[in-house]
Amino acid sequence: MTRAATQNMTLIAGGMFWMGSEDFYPEERPVHQVTVDGFWMDTHPVTVAEFRRFVKDTGYVTTAEVAPDPADYPGADPSLLVPGSLVFTPPPGPVPLDDYTRWWSFVPGANWRHPEGTGSTVGGRERHPVTHVSWFDARAYAEWAGKELPTEAEWEFAARGGLDRKAFTWGDEHEPKGRPGGNVWQGEFPWQNLETDGFAGTSPVGHFRPNGYGLHDTAGNVWEWTADYFTANHASSGKNVAPASSCCIPTNPRVDMAEHDPREAYPRRVIKGGSHLCAPNYCLRYRPAARQGDTEETATCHIGFRCIIRP
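Residues numbered from 1 in each chain as written. Predicted model: local features only at pLDDT ≥ 70, side-chain atom pairs only at ≥ 80, totals over all residues. Heavy atoms only, no water.

Looking at an unreviewed UniProt entry, the protein chain carries the name Formylglycine-generating enzyme family protein, with the source organism given as Rhodococcus pyridinivorans.

Structure, rendered in structure tokens:
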């Protein structure tokens, strides 16, 4: 690797770790041993300024800037089949947590340049993570940069920062010294954001203390796309979790076959790390083991990405 190729990247030496968690959400189970080889990883999520250079160089148009194909969404409201993206809008007071449409809205014109919709800009947010990027957008950027998206195992190993089987990237304490360890939600989600960490939305990369490997924003700020397809749990892929009696530990596991729900136009990929919208009362997922699946064309105000280079 040349210095230019790995600028703003951190060398992760690789090794064995315990992946997953038995203590939080079902999709994180079972805990199992995994080995990953070494790789270089972006020290922080890809920023608005970095993504702008990519777009300027290539003329790339993101998913959110293109009207959805009606064939992919039969029966959809025609008014929603326009360029746009999902934007978080807090309700004025407490609401039941069983319907995300109470705080998520599809906003025409919302995209990486206009994160809150037409009329908004990213001025002053050049060092914030780029958002409103789909999995396709993240992959396109990675290819342009000569990089790749990490597998879920690579991402989780790096995010743990050497703290094996700990709940958070900084250890087991929820808020070390009584302060948030990353840009996450304080207060009662989705209506009360106390902003104890100083931010209502995304924050500049590197604002919070890095993990043990020197990586920033592996807890909160934005969710991050990975290369892996999403599975209901770690064992459901059938090949990446060794039986308890096995002498072999999977090396560099990846889920490269989709469990595609035919009701969805696109398969789901794993996102990791949680975001500024994760809260203990709703989504305690700013942890290395936490995982969710979003369809590949999804673009929202709280999903970004970072890249790796495998030597």
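Asker: Sorry if this is basic, but what is going on with the overall build of the protein chain here?
Answerer: Counting secondary structure elements, the protein chain contains 3 helices and 11 strands. For 311 residues, the compact-globule estimate of 2.2 N^0.38 gives 19 Å, and the protein chain sits close to it at 19 Å. Oriented by its inertia axes, the alpha-carbon framework of the protein chain measures out at about 55 × 45 × 40 Å. Going through the 311 residues of the protein chain one by one, you find that 50% of them count as buried. (Helix = DSSP H or I, 4+ residues; strand = E, 2+ residues; numbered from the N terminus. Rg over C-alpha atoms; globule rule 2.2 N^0.38 Å. Buried < 20%, exposed > 50% of the residue type's maximum accessible area, 1.4 Å probe, protein only.)

Asker: Which parts of the structure should I look at to understand the side chain of E152?
Answerer: By the element assignment, E152 lies in helix α3 (residues 152-160). Excluding residues that lie within four positions of it along the chain, E152 makes contacts with M19, T226, D228, H234, V270, K272 and R291. (Contact = heavy atoms within 4.5 Å.)

Asker: Before we go on, may I ask you to explain the environment of A299 in this structure?
Answerer: Along the chain, A299 falls in the loop between β9 (292-295) and β10 (303-304). Residue A299 is classed as buried on the basis of its relative accessible area of 9%. Here the alpha-carbon distance between A299 and S85, two residues 214 residues apart in the chain, equals 5.6 Å.

Asker: Would you mind showing me how to read the sheet that holds strand β11 (residues 308-309) here?
Answerer: As a general point, the strands of a sheet are linked pairwise by backbone hydrogen bonds and lie either parallel or antiparallel. Strand order in this open sheet of 3 strands is β1-β4-β11, and the pairing throughout is antiparallel. A single partner strand is all that each edge strand has here, and the edge strands are β1 (9-12) and β11. The pairing of strand β4 (residues 39-42) with β11 spans 2 bridges and is classified as antiparallel. When the sheet's bridge partners are listed, M41 is paired in β11 with I308. (Pairing = 2+ DSSP bridges.)

Asker: Please clarify how the environment of T295 should be interpreted in this entry.
Answerer: Tracing the sequence through the fold places T295 in strand β9. In sequence terms T295 and D57 are 238 residues apart; their C-alpha atoms lie 27 Å from each other. Discounting chain neighbours no more than four positions away, the residues touching T295 are W225, E264, Y266, P267 and R268. Polar side-chain contacts of T295 include one of 2.8 Å to the side chain of E297. Separated by 2.7 Å, the side chains of T295 and T298 make a polar contact. (Polar contact = N/O pair within 3.5 Å; in protein donor to acceptor, adjacent residues only side chain to side chain.)

Asker: Whenever I open this one, α3 confuses me. Can you help?
Answerer: One full turn of an α-helix is made of 3.6 residues, so residues set three or four places apart face in the same direction. Most of α3 is tucked away: 9 of the 9 residues are buried. Looking only at α3, the buried set comprises E152, A153, E154, W155, E156, F157, A158, A159 and R160.

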